[in-house]
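So the chains spell out like this:
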Amino acid sequence: MINRIGQMLFTISLVAIVLMGCSVIEDRTQKIRDLPFTVVPEKEIPEVLAEKIQDNKGNPFKMTYADGGDLYICIGYGSRSSGGYSVTVDELYLTSNAIYVDTTLLVPEGREEGVITYPYVCIKLEYLDKRVVFE
């Protein structure tokens, strides 16, 4: 009888611990708010960042750069054998632990053949001390 009561208390304690653990799980990917940003024209990208983009543009890349009170997020899609590509920013939002960014490469209908291009986007936003997650 005492052994059976001990087993019941152990089981109840184990269930209570599991349920308490579930109640404190936080969804750290839940959007708090969208973040305002601007797409930076190539000629306005800080020189150090422009050099990094130039060095990496032949391959897909994802990079961040902080300059003063600004944060730059750059996403490149590598070399393409035709022109007319563009990149859209689908989402840029803040969660409790990160900044999430999602982009899409838009493929042109009529391709300009014989031209090698390096489609990328560079966006600027207010500096936030958060990691950046590329989706």
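See the structure printed just above.
Nothing here was measured: the structure is a model prediction, and the numbers come from that model.

Asker: Even after reading the chapter, I still don't get the overall build of the protein chain, so can you show me in this structure?
Answerer: When helices and strands are counted, the protein chain shows two helices and 10 strands. Scanning the protein chain from its N terminus toward the C terminus, one meets helices and strands in the order α-β-β-α-β-β-β-β-β-β-β-β. In the protein chain, buried positions account for 31% of the 135 residues. By sequence separation, contacts in the protein chain at least 24 residues apart represent 71% of the contacts at least 6 residues apart. Total accessible area on the protein chain is roughly 9100 Å²; 54% of this is exposed by carbon and sulfur atoms.

Asker: When you look at the sheet that holds strand β7 (residues 98-106) in this model, what are you seeing that I'm missing?
Answerer: Sheets are built from strands paired through backbone hydrogen bonds, the pairs being either parallel or antiparallel. Spatially, β1-β6-β7-β10 is the arrangement adopted by the four strands of the open sheet, whose pairing is mixed. Edge positions in the sheet fall to β1 (33-34) and β10 (131-134), since each of these pairs with one other strand and no more. As paired elements, strand β6 (residues 86-94) and β7 share eight bridges and run antiparallel to each other. Pairing of Leu92 across the sheet is with Val101, part of β7.

Asker: I tried to follow the nonpolar core on my own but got confused; where do I start?
Answerer: Soluble, globular proteins show a tendency: their nonpolar side chains are buried together. Core analysis: the biggest nonpolar cluster contains 18 residues, and Leu35, Ile73, Leu92, Ile99, Val101, Ile123 and Leu125 have the highest contact counts within it. Every element with two or more residues in this core is listed here: β4 (70-77), β6, β7 and β9 (120-126). Those residues in contact with Leu92, other than ones at most four positions away along the chain, are Asp34, Leu35, Phe37, Ile73, Ile99, Tyr100, Val101, Ile123 and Leu125. Ranked by size, the runner-up nonpolar core spans 10 residues in total, among them Val40, Leu49, Tyr72 and Cys74.

Asker: Can you walk me through the pattern of salt bridges in this structure?
Answerer: It is possible for side chains bearing opposite charge to pair when their charged atoms get close. Applying the stated criterion across every chain, the model contains two salt bridges. In this structure, the salt-bridge partner of Lys31 is Asp34, at a minimum N-O distance of 3.1 Å. The class of Lys31 is partly exposed, set by a relative accessible area of 39%. A salt bridge links Glu91 to Lys31; its shortest N-O distance comes to 3.7 Å. Here Glu91, found in strand β6, pairs with Lys31, found in the loop between α1 (2-23) and β1; they are 60 residues apart in sequence, far enough to count as distant. Its relative accessible area of 31% is what places Glu91 among the partly exposed residues. Residues joined by salt bridges that share partners form a network here, namely Lys31, Asp34 and Glu91.

Asker: I would appreciate a short explanation of the sheet that holds β4 in the present structure.
Answerer: Overall, antiparallel pairing links the four strands, which are arranged β2-β9-β4-β3 in an open sheet. The two strands at the open ends of the sheet, each matched to only one other strand, are β2 (38-39) and β3 (60-67). Looking at chain direction, β3 and β4 are connected through eight bridges and run antiparallel. Of the residues in β4, the one forming a bridge with Tyr65 is Tyr72. Set on the sheet, helix α2 (residues 47-56) makes contact with β3, β4 and β9; between it and β3 the angle comes to about 170°.

Scoring rules and cut-offs
- Residues numbered from 1 in each chain as written.
- Predicted model: local features only at pLDDT ≥ 70, side-chain atom pairs only at ≥ 80, totals over all residues.
- Heavy atoms only, no water.
- Helix = DSSP H or I, 4+ residues; strand = E, 2+ residues; numbered from the N terminus.
- Buried < 20%, exposed > 50% of the residue type's maximum accessible area, 1.4 Å probe, protein only.
- Contact = heavy atoms within 4.5 Å.
- Areas by Shrake-Rupley, 256 points an atom, 1.4 Å probe, with all protein chains shown as cover.
- Pairing = 2+ DSSP bridges.
- Core = buried A, V, L, I, M, F, W, Y, C linked by side-chain atoms within 4.5 Å.
- Salt bridge = Lys/Arg side-chain N within 4 Å of Asp/Glu carboxyl O.
- Axes fitted to C-alpha atoms, helices over the stretch in contact; angles between N-to-C directions.

Interpretation note: all reported values are geometric properties and have no functional meaning in isolation.
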